[in-house]
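Chain residues, written in single-letter form:
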Amino acid sequence: MSDRLPHLSAKLQGFGTTIFGEMSALAVATNSVNLGQGFPDTDGPREVLDAAIAAINSGHNQYPPLIGMPTLRHAIVEHQLRFYGMEFDPDTEVLVTAGASEALASTLIGLLDTGDEVIMFEPSYDMYQACAAMAGATVRPVTLHPPSYAAEIDELRQAVSARTKLILLNTPHNPTGKVFSREEMQAIADVAIEHDLIVVTDEVYEHLIFDGLEHIPMATLPGMRERTLTISSGGKTFNTTGWKVGWVIGPAALVAAARTAKQYLTYVSSGPFQPAIAAGLRLPDSFFAEIALDLQHKRDRLCAGLVEAGFDVFHPHGTYFVTVDIRPLRSDGDGYAFCRDLPHRCGVVAIPNEVFYTDARRGRHLVRFAFSKRFEVLDEAVSRLKGINA
Ligand code: PMP
Ligand code: GLN
């Protein structure tokens, strides 16, 4: 949380500059290896890049339809059927958005009234709190604790009140790399059904999952399809984080709420990138298996290096990210200070996890590194990090 800005609305006070803006600027200023903001440093599949170029060259450069281009909506529906056996209507149950970010914003703004409560597990992606604040809603956090980051279902139950409208879930989970187990998902679903809550589930890392674990979409659990809005994005899966093609899928009445808000955010976006992401979603199963395996090797490389550098490492099973406890290297456990110093000490940028908590003290000693980088970049970062003890 940052200092008070004189002109900023009361509801956005404290949301000054995102940690990603702050830390990526520091990476540039200090010429550091940037393991902070989560993005890959290689391009995605040639077919996907070529499809975007072809779309530009064939004149797909004006406003696409509000709900998204038909080819992409159909590809999203085919993808849900192929991977999860779920059927959706591409005309009423799919909404294409400007990244998962706009999917989150339009969903929360479209569903929540002032005073409504949102339950979310924390740490959580920083946008969640900001979007809830923009919607005028109150966040009720349920904290996941290392090393297991297991979901405490009793605490979840206690967080439900008469004002609770929805549970916002993220699996695989940023910043911990946790993949919620089927038991946890079922227990969360039970609470949602018992209290008639909507579940908004952010599954942007659905294909970035390791160790043979399976991604379990919340909407596939019994009784959940009708109360779940699923959010995903092409950015992570196809190494195109700058294209901002995301989507929301769910029952028509819930999608309509998000669509209403979306009209007044961007209206539409990413015209020529929509058919390109459609091409990506239609790639063979082998593509999806390979990206997960490649990232798993990168995870292994960085985690081993972080252990050697002296951190206490919490092994992730998905996403781009690994969280470490810095206290073996900095006894006061001040993760923010550690991340501010690190570029100057050794030329590496990381993210302090405290920004992902409603109460920064809970994540003070934790720091996130991204491993979505080439092996030589990870090796360079590790050798620099080892130097801080030397
Ligand atoms: N949700 C999570 C959990 C994320 O980590 C991110 C960040 N990349 C987003 C949503 C936003 O995705 P997009 O770039 O597609 O807007
Ligand atoms: N989702 C990415 C991360 O968590 C990028 C975030 C951003 O740039 N807003 O690092």
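Now for a look at the structure at hand. All values derive from a computational prediction rather than experimental measurement.

**Some thoughts on the sheet that holds strand β7 (residues 228–233)**
Overall, mixed pairing links the seven strands, which are arranged β2-β8-β7-β6-β5-β3-β4 in an open sheet. The sheet is open, and its two edges are formed by β2 (94–98) and β4 (138–143), each paired on a single side. Each strand axis lies, on average, 20° off the axis of its neighbour in the sheet, ignoring direction. Strands β3 (117–122), β4, β5 (164–170) and β6 (198–202) of the sheet are contacted by helix α5 (residues 126–134), whose axis makes an angle of about 160° with β5.

**Thoughts on the environment of Y125**
Looking at the element boundaries, Y125 is found in the loop between β3 and α5. Residue class for Y125 comes out partly exposed when judged on its relative accessible area of 23%. Taking C-alpha positions, Y125 is 23 Å from I291, a pair spaced 166 residues apart along the chain.

**Digging into unusual backbone geometry**
With an omega of 10°, the peptide bond between P146 and P147 qualifies as cis. Within the secondary structure layout, P147 lies in the loop between β4 and α6 (153–159). Note that the residue after T171, namely P172, is joined by a cis bond; omega there is -15°. Residue placement: P172 occurs in the loop between β5 and α7 (182–194). The phi dihedral of Y149 is positive, around 55°, even though this residue is not glycine. If you trace the backbone, Y149 turns up in the loop between β4 and α6.

**Some words on the sheet that holds strand β10 (residues 321–325)**
Strand pairing in a sheet takes place through backbone hydrogen bonds and is either antiparallel or parallel in direction. Judged by pairing direction, the sheet is antiparallel, and its four strands sit side by side in the order β9-β10-β13-β12 without closing on themselves. Sheet topology places β9 (312–314) and β12 (351–352) at the edges, where each strand pairs with a single neighbour. Judged from the two bridges that link them, β12 and strand β13 (residues 366–370) form a sheet pairing that is antiparallel. Residue pairing in the sheet places I351 in a bridge with R368 of β13. Packing against the sheet, helix α11 (residues 285–308) makes contact with β9, β10 and β13, and its axis sits at approximately 15° to β10.

**Things to note about the side chain of K236**
Considering the arrangement of structural elements, one finds K236 in helix α8 (residues 234–237). Buried within the structure, K236 lacks any salt-bridge partner; its nearest side chain of opposite charge belongs to D202, at an N-O separation of 8.2 Å. Not counting the four nearest positions on each side in its chain, K236 is found in contact with G38, V204, Y205, L208 and Y320.

**Here we look at the packing of helix α2 (residues 46–57) against helix α10 (residues 273–281)**
Closest axis-to-axis distance for the α2/α10 pair is 8 Å, and the angle between their directions is 150°. When the interaxial angle is binned, α2 and α10 end up roughly antiparallel. Between α2 and α10 lies a crossing whose hand is right-handed. Residue-level inspection shows V48, A51, A52 and A55 of α2 in contact with α10, the latter providing F273, P275, A276, A279 and G280. Looking at the contact of α2 with α10 residue by residue, the classes come out as eight nonpolar, one polar and no charged.

**Section: a nonpolar patch on the surface**
Among the surface-exposed residues, I109, M134 and L265 lie close enough to one another that they form a single nonpolar patch of about 230 Å² accessible area. Following the sequence through the fold, L265 ends up in the loop between α9 (252–263) and α10. Assessed through its relative accessible area of 42%, L265 is described here as partly exposed.

**Details of the site of ligand 2**
Contacts to ligand 2 come from F20, Q37, G38, Y125, N174, Y205, K236, F321 and R368. In the model, an oxygen atom of ligand 2 is placed 2.7 Å from a nitrogen or oxygen of the G38 main chain. Here N174 contributes a side-chain N or O atom positioned 2.9 Å from an oxygen atom of ligand 2. Per-class residue counts for the shell around ligand 2 are four nonpolar, three polar and two charged.

About the thresholds
Residues numbered from 1 in each chain as written. Chains lettered and ligands numbered in written order. Predicted model: local features only at pLDDT ≥ 70, side-chain atom pairs only at ≥ 80, totals over all residues. Heavy atoms only, no water. Pairing = 2+ DSSP bridges. Helix = DSSP H or I, 4+ residues; strand = E, 2+ residues; numbered from the N terminus. Axes fitted to C-alpha atoms, helices over the stretch in contact; angles between N-to-C directions. Contact = heavy atoms within 4.5 Å. Buried < 20%, exposed > 50% of the residue type's maximum accessible area, 1.4 Å probe, protein only. Lys, Arg positive; Asp, Glu negative; His and termini not counted. Salt bridge = Lys/Arg side-chain N within 4 Å of Asp/Glu carboxyl O. Parallel < 35°, antiparallel > 145°, perpendicular 65-115°, else oblique. Left-handed = near helix turned anticlockwise from the far one by under 90°. Nonpolar A, V, L, I, M, F, W, Y, C, P; charged D, E, K, R; others polar. Patch = residues over 30% accessible without salt bridge, like charges linked within 9 Å, V, L, I, M, F, W, Y side chains within 5 Å. Areas by Shrake-Rupley, 256 points an atom, 1.4 Å probe, with all protein chains shown as cover. Near = heavy atom within 4 Å. Polar contact = N/O pair within 3.5 Å; in protein donor to acceptor, adjacent residues only side chain to side chain.

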